[in-house]
Amino acid sequence: FPVTIMPHGGSGRYYRERPEVEKPLSSSVNADASLIIFDLDGVLIDSKDLHYEALNEALGSLGKQFLISPQEHATTYDGLSTNKKLEILHKEKSLPRESFEIVWKLKQEVTSRLLGEIPEDKELIAFMRHLKEKDAKVALASNSIRATVNLMLKRLGIFDFFDLSLNIVTGK
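Below, the structure is looked at part by part. Here the structure is a predicted model, which is why all the values come from computation and not from measurement.

With that settled, the discussion passes to the overall build of the protein chain. In terms of regular secondary structure, the protein chain is built from 6 helices and 4 strands. Counted from the first residue to the last, the protein chain has its helices and strands arranged as β-β-α-α-α-α-α-β-α-β. Intrachain contacts of the protein chain at a sequence separation of at least 6 include 76% that bridge at least 24 residues.

With that settled, consider the side chain of Thr82. The topology assignment puts Thr82 in helix H3 (residues 82–93). Judged by relative accessible area, which is 10%, Thr82 ranks as buried. Here the side chain of Thr82 touches Lys107 through a polar contact of 3.4 Å, side chain to side chain. Contact partners of Thr82, with chain neighbours within four places excluded, come to Leu55, Trp104, Lys107 and Gln108.

A separate point is the packing of aromatic side chains. One pass over the structure, following the stated rule, counts 2 aromatic pairs. The interplanar angle of 85° and the centroid separation of 6.2 Å between the aromatic rings of Phe38 and Phe127 together place this pair among those described as edge-to-face. Residue Phe38 is located in strand S2 (residues 35–39), and its partner Phe127 is located in helix H5 (residues 122–133); the two are separated by 89 residues in the primary sequence. In this structure Phe38 comes out as buried when scored by relative accessible area, which is 2%. Measuring from ring centre to ring centre gives 6.2 Å for Phe38 and Phe162, while their planes differ by 75°; the resulting arrangement is edge-to-face. Note that Phe38 is positioned in strand S2 and Phe162 in the loop between helix H6 (146–156) and strand S4 (164–168), a separation of 124 residues in sequence. Accessibility assignment for this pair places Phe38 and Phe162 in one class, buried. It is Lys154 that lies over the ring of Phe159; its NZ or CZ is 4.8 Å from the centre.

How each quantity is defined
- Residues numbered from 1 in each chain as written.
- Predicted model: local features only at pLDDT ≥ 70, side-chain atom pairs only at ≥ 80, totals over all residues.
- Heavy atoms only, no water.
- Helix = DSSP H or I, 4+ residues; strand = E, 2+ residues; numbered from the N terminus.
- Contact = heavy atoms within 4.5 Å.
- Buried < 20%, exposed > 50% of the residue type's maximum accessible area, 1.4 Å probe, protein only.
- Polar contact = N/O pair within 3.5 Å; in protein donor to acceptor, adjacent residues only side chain to side chain.
- Phe/Tyr/Trp six-rings, centres within 6.5 Å; stacked < 30°, edge-to-face > 60°.
- Lys NZ or Arg CZ within 6 Å of the ring centre and 35° of its normal.

By themselves these figures say nothing about function.
Listed below in structure tokens is the structure:
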């Protein structure tokens, strides 16, 4: 059956500000598609900066020497899981392994707080409603943990439109 995959970078929007798109979202999808699979980060929401801010806030609680600069983030850490970032920080900046769990938990708390600022996305809701009216199955594939994915989708107002979500259950 026909499948449309909305690739990373598709209609990306930052969680605080959303750029204007050149064409309506509904014109980006094959009208005959019976399954549409979305990536989350960079497609439905651009939360890269949110994750960067959350990790740095958590790291800063242990000391400024562990903070990641924007350049370091862009060249080394961007796109990696929190656990992989912590491993690199251990090797590069001597972040103690015994602090990994504390940093991971604090990062999740900060992420949840920042996600609470995400506004409902009326255009995205209308787009998802359009897909469901076309009887398309809608799925999500993400390397974010399930709690973060669910919170993002709920804040955007699109949680109930998904038939399937494939993601990391706990991140540990």
